[in-house]
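# Examining the three-dimensional arrangement
If you want the building blocks of each chain, they are given just below.
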Amino acid sequence: MHDPSTGARASGASNSGRKKRGTPKGRVVDAKALAEVRALLGDEPRRRDLLVEHLHKIQDKYGHISAAHIVALAHEMKLATTEVYEVATFYHHFDVIKEGPEGEMRAPPALTVRVCDSLSCELAGAQPLLEKLRATLGPGVRVIPAPCIGRCEQAPAVVLGQNPVARATVDKVKAQLAAKTTICAIDKYVTYGEYREKGGYDIAAECLAGKRDAEDILKAMEASDLRGLGGAGFPAGRKWRIVRAERRPRLLAVNIDEGEPGTFKDRYYLERDPHRFLEGTVIAAWTAQVSEVYIYLRDEYAGCRAVLGREIAALQKNPPCPLPPIYLRRGAGAYICGEESAMIESIEGKRGMPRLRPPYVAQVGLFGHPTLVHNMETLYWVRDILEKGADWFAGHGRHGRKGLRSFSVSGRVNKPGVHLAPAGITVKELIDEYCGGMLPGHKFYAYLPGGASGGILPAAMGDIPLDFDTLQPYDCFIGSAAMIILSDQDKASAAARNLMKFFADESCGQCTPCRVGTVKALGLMQSPRWDKGLLEELSGAMADASICGLGQAAPNPIRCVIRHFGHEIE
C-alpha cells in the first residue's frame, strides 16, 4: 500500500524486506483430488468439449464439486482453472463448493429434493408443498425450488434425487425417501428388437443402400409442410436442403433440452418409442449428408437418458445400415440451452450463452461446421411421413391449417397430458374434445398458447386457430404447443409474475436488456397497480435489444396482461 504522506511504501522499505513466495502462484493441485478425478475419467478423452460431461461425473459421485476437484479437473484437461469454474457455476445442477474463511467446506446434504415451482405446479400447490417438505424432511435433506422439470401434467411435481414424484404430496415424498428410491423408474417402451420387428429402420436402410433418392426425400419433406416443432417453426425440408448445400463436414445437433414451462411432449415420446425418433435422425443425417450426430438431452430427464443410452448402444451393436457416429450429451439445468446456439456452446463444453448472428448455425455451428439443428419431435415424424406419404401428414388440420400438433396441456383441465390433434384446432375445441373439459368447479378464464414465452390470452379469444403464424397479431405464438389452462380461480397477472420470475432466474446474463430488464420488470409487477407506461417502455427495450429469444419473448406475458386483463392490475 502506498503512504500518501511520505511517498514511501507502508509495508516494507525495500524489495529486500518483502516476504518471498514459497509456493507457486495460484492453486496447487491436490494429489488426492487429482487421483479421484483420474479414477472417474478413466480412459475417456480429456477434450474440452467433454468438460460438462466430466463435471457430471464428479457431481454424481460426490454430490457436489469441491474447489480441489475444480483445480484437479483443470489440470487434467489442461484448461485454466477459471474456465472450469465459470462453466461449473453457470449450470444449476452443479453444486460448486468453495472453502470458507477457515478453509472448511460446507457440502450440501447427500440428498436434494427439488420442488418444481413453474406455473402449472404453482397452480397445483407447489409453494405450500415446498414449505411443508422443508418443515418435515429434516436437516439431512436439502429441499429447494426448481424451474420447470418437464412434468407439468403431473403437477405438483417433485424430484427426489433423480426420481420424479408425480402429483406429489408430503406423504408420497416421505414414502419414497423411506424406500430410498432416488433413481428414475423406466416404464415399458418399444425396444430396438420390437421396433425392427414392425418395419423399423427399413426406410433408413433403403436410404443407405441407395434404394431411395435424397431429392425425393427432400421433396416429400417439403410437401408435408412439417415445420420445426421445438418452437421456431422453420420448414424442416427446406432446412435439410440449406444445410446439404453447405461445405463439408456437416453435423447434426438434436435439441431435447425442452425447458419451456408447460412443455413435456419430447419426454412423452422418448419414454414410449425412442427409435422412431432415432430412425428419423439417421434419415435426416443421410439426406443432409452430415458426418456426426450429437443429441443434447436435458439433465432433468434421467429416465430418458437411461433409455437412449441403452437403445443407442443396441442400435450401434447390430446396425440395420451404416450409421454416423451418435453422441449423447447431457445438459446441466439451464433453460437458455434450449436456444440453438446456446445448446451448441454447451455441447462444446462451454457456458450455454447464445451467439450473435450472423453467421447462422447452418453455416457456422457446432465446432465451427455447418450444423443442422432439429427438435426431437420434428425428427419423430420423419418415418411416418416417408412411409405414409406427405399428403398423410399435410392432410390433417382444421380451419385452413395443415399437419398435426402434439399439444402439451396442463393446468385446470380434467385430462392433462400430450394430445395429438390437428393443427389449427382452437383451445376451446382442444379442452372439450381431448382434455375432458375443465376441472369440476372451474370455469375457463385464460390460456397460454405457447408456454412461458407464448403470451396469455383470455377465454373470449379461445376460437383462434392454434398453429404457427396465427397468434402473432395478438403478441403471442404457439412455440412448442405448450397449453397451460387457467380458470376463474386464477389471475393472469399472477401467472405473468411467475413467468417473469422464471425468466429472471434463467437469463444467462450476457446482455443487459434481458439480465436487468427481467429483474426490473418482476419488481414492477409485484405492485397491485402496474405502472403500464414504464412496463411498456421496458418491454420494448427487452424485445428490441436482447440477443436471443429469452429476452425478446419475456415481455409477451406483460403486454398480454396489460392488453387483455387490465381489470387485474388497475
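Residues numbered from 1 in each chain as written. Predicted model: local features only at pLDDT ≥ 70, side-chain atom pairs only at ≥ 80, totals over all residues. Heavy atoms only, no water.

### A closer look at the pairing of strand β10 (residues 371-375)
Selection rule: Here the term buried applies to any residue with accessible area under 20% of the maximum for its type, exposed to any over 50%, and partly exposed to those in between, with areas from a 1.4 Å probe on protein chains only. What counts as a helix is a DSSP run of H or I of at least four residues, what counts as a strand is a run of E of at least two, and both are numbered from the N terminus. Only strands joined by at least two bridges in the DSSP assignment are considered to pair.
Burial within β10 is extensive, with five of its five residues counted as buried. Taking every second residue as pointing to the same face, both faces of β10 are buried, with Thr-371, Val-373 and Asn-375 on one and Leu-372 and His-374 on the other. For strand β7 (residues 251-256) and β10, the ladder comprises five bridges, and the chain directions are parallel. The residue bridging Asn-255 from the neighbouring strand is Asn-375, located in β10.

### Quick word on the pattern of salt bridges
Heads up, the rule is: Within this document, salt bridges are pairs made up of a side-chain nitrogen of Lys or Arg and a carboxyl oxygen of Asp or Glu, the two lying within 4 Å of each other.
In this structure the tally under the stated criterion is 43 salt bridges. The residue Arg-276 makes a salt bridge to Asp-273 at a minimum N-O spacing of 2.8 Å. For Arg-276, a relative accessible area of 16% corresponds to the buried category. For Asp-299, the salt bridge is made with Arg-330, and the minimal N-O distance between the two is 2.5 Å. With Asp-299 in the loop between β8 (292-297) and α14 (302-317) and Arg-330 in strand β9 (residues 326-330), the pair connects residues that are 31 residues apart, well separated along the chain. As far as burial versus exposure is concerned, Asp-299 and Arg-330 are alike and both buried. Taken together, the shared-partner salt bridges in this structure form one network comprising Arg-151, Glu-153, Arg-267, Glu-271 and Arg-272.

### Looking at the nonpolar core
Spelled out, the test is: We call a set of buried Ala, Val, Leu, Ile, Met, Phe, Trp, Tyr and Cys residues a nonpolar core when their side-chain atoms join them within 4.5 Å. A contact between two residues is defined here by any heavy atoms of the two lying within 4.5 Å.
If you look at the biggest cluster of nonpolar residues, it comprises 151 residues, and the most contacted ones within it are Phe-277, Ile-295, Phe-407, Ile-456 and Ile-485. Filtering out sequence-adjacent residues up to four positions away, Ile-295 remains in contact with Val-254, Ile-256, Phe-277, Leu-278, Leu-308, Ile-312, Ile-326, Tyr-327, Leu-328 and Arg-329. Core analysis: the second largest hydrophobic core is formed by 23 residues, Val-113, Leu-133, Ala-157 and Val-159 among them.

### Observations concerning the packing of helix α13 (residues 274-288) against α14
Just so we agree on the cut-off: All axes here are fitted lines through C-alpha atoms, helices being fitted over the stretch that makes contact, and every angle between N-to-C directions spans 0 to 180 degrees. Orientation categories follow fixed angle ranges, with anything under 35 degrees roughly parallel, anything over 145 roughly antiparallel, 65 to 115 roughly perpendicular, and all other angles oblique. Here a crossing is called left-handed whenever its near helix is offset anticlockwise from the far helix by less than a right angle, and right-handed whenever the offset is clockwise. Following the grouping adopted for this structure description, the nonpolar residues are Ala, Val, Leu, Ile, Met, Phe, Trp, Tyr, Cys and Pro, the charged ones are Asp, Glu, Lys and Arg, and the polar ones are all others, Gly among them.
Their axes nearest at 11 Å, the elements α13 and α14 cross at an angle of 55°. The angle between α13 and α14 falls in the class oblique. The two elements α13 and α14 cross, and the hand of that crossing is right-handed. For the pair α13 and α14, the contacting residues are Pro-274, His-275, Phe-277 and Leu-278 in the first and Val-307, Leu-308, Glu-311, Ile-312 and Leu-315 in the second. In the contact of α13 with α14, the residues fall into seven nonpolar, one polar and one charged.

### Regarding the environment of Cys-184
Mapping Cys-184 onto the fold places it in the loop between α7 (170-178) and α8 (192-197). Apart from residues no more than four positions distant in its own chain, Cys-184 is found in contact with Arg-151, Gln-162, Asn-163, Pro-164, Ala-302 and Gly-303.

### Overview of the sheet that holds β8
With parallel pairing, the four strands of this open sheet are ordered in space as β9-β8-β7-β10. Among the strands making up the open sheet, the edge pair consists of β9 and β10. Strand-to-strand twist in this sheet, taken as the mean axis angle between neighbours without regard to direction, amounts to 20°. Taken together, the five bridges between β8 and β9 define a ladder with parallel strand orientation. Counted as the bridge partner of Ile-295 is Leu-328 from β9.

### So, unusual backbone geometry
With an omega dihedral of -5°, the bond running from Ala-155 to Pro-156 counts as a cis peptide bond. Its location among the elements puts Pro-156 in the loop between β4 (141-146) and β5 (158-160). A cis geometry characterises the amide bond from Arg-248 onward to Pro-249, with omega recorded as -5°. On the secondary structure map, Pro-249 appears in the loop between α11 (236-244) and β7. Unlike most non-glycine residues, Lys-78 shows phi in positive territory, near 55°. Looking at the secondary structure, you find Lys-78 in the loop between α3 (67-77) and α4 (81-90).

### Concerning the environment of Gln-176
The line we're drawing: Side-chain atoms alone can form a polar contact between residues adjacent in sequence; in general such a contact is a pair of N or O atoms within 3.5 Å, and within protein one must be able to donate a hydrogen while the other accepts it.
Mapping Gln-176 onto the fold places it in helix α7. Taking the relative accessible area as the measure of exposure, Gln-176 reaches 27% and is therefore partly exposed. As a C-alpha pair, Gln-176 and Ala-126 span 50 residues in sequence and 18 Å in three-dimensional space. Residues within four places of Gln-176 in sequence aside, it is in contact with Leu-160, Asn-163, Val-165 and Thr-181. A distance of 3.1 Å separates the side chain of Gln-176 from the side chain of Asn-163, its partner in a polar contact.

### Concerning the sheet that holds strand β14 (residues 457-458)
What the five strands build is an open sheet, ordered β12-β11-β15-β13-β14; its pairing is mixed. The outermost strands of the open sheet, each flanked by one partner alone, are β12 (417-422) and β14. Both strand β11 (residues 404-411) and strand β15 (residues 482-487) contribute to a ladder of four bridges, which runs parallel. By the bridge assignment, Gly-411 is partnered in β15 with Ile-485. Against the sheet, helix α20 (residues 492-506) contacts β13 (444-452) and β15, and its axis sits at roughly 15° relative to β13.

### So, the confidence of the model for the chain
This is how the line gets drawn: What pLDDT conveys is the predictor's confidence in a given residue, as a value from 0 to 100.
Per-chain confidence: the chain averages 94 in pLDDT, with 95% of residues scoring 70 or above. Segment residues 1-16: pLDDT under 50, and seven contacts once partners within four positions in sequence are set aside and those in other chains are kept.

### Section: α13
What counts is decided by this rule: One fewer than the residue count of a helix, multiplied by 1.5 Å, yields its expected span.
Across its 15 residues, α13 extends 21 Å between first and last C-alpha, which sits within 8% of the 21 Å expected from 1.5 Å per residue. With respect to burial, α13 is a largely interior element, 14 of its 15 residues being buried.

### Some points on the side chain of Ser-493
Here Ser-493 lies in helix α20. On the basis of relative accessible area, Ser-493 is assigned to the buried category, the value being 3%. With residues up to four places along the chain from it excluded, the contact list for Ser-493 reads Trp-530, Val-561, Glu-568 and Ile-569.

### A few points about helix α2 (residues 51-62)
Three- or four-residue spacings in an α-helix give side chains the same orientation, since the helix completes a turn every 3.6 residues. Compared with the 16 Å implied by 1.5 Å per residue over twelve residues, the 17 Å span of α2 between its first and last C-alpha is a close match. Those residues of α2 that sit buried are Leu-51, Val-52, Glu-53, His-54, Leu-55, His-56, Ile-58 and Gln-59. Where the residues of α2 are buried, they touch α1 (31-41), β1 (65-66), α3, α4, β9 and α15 (340-347).

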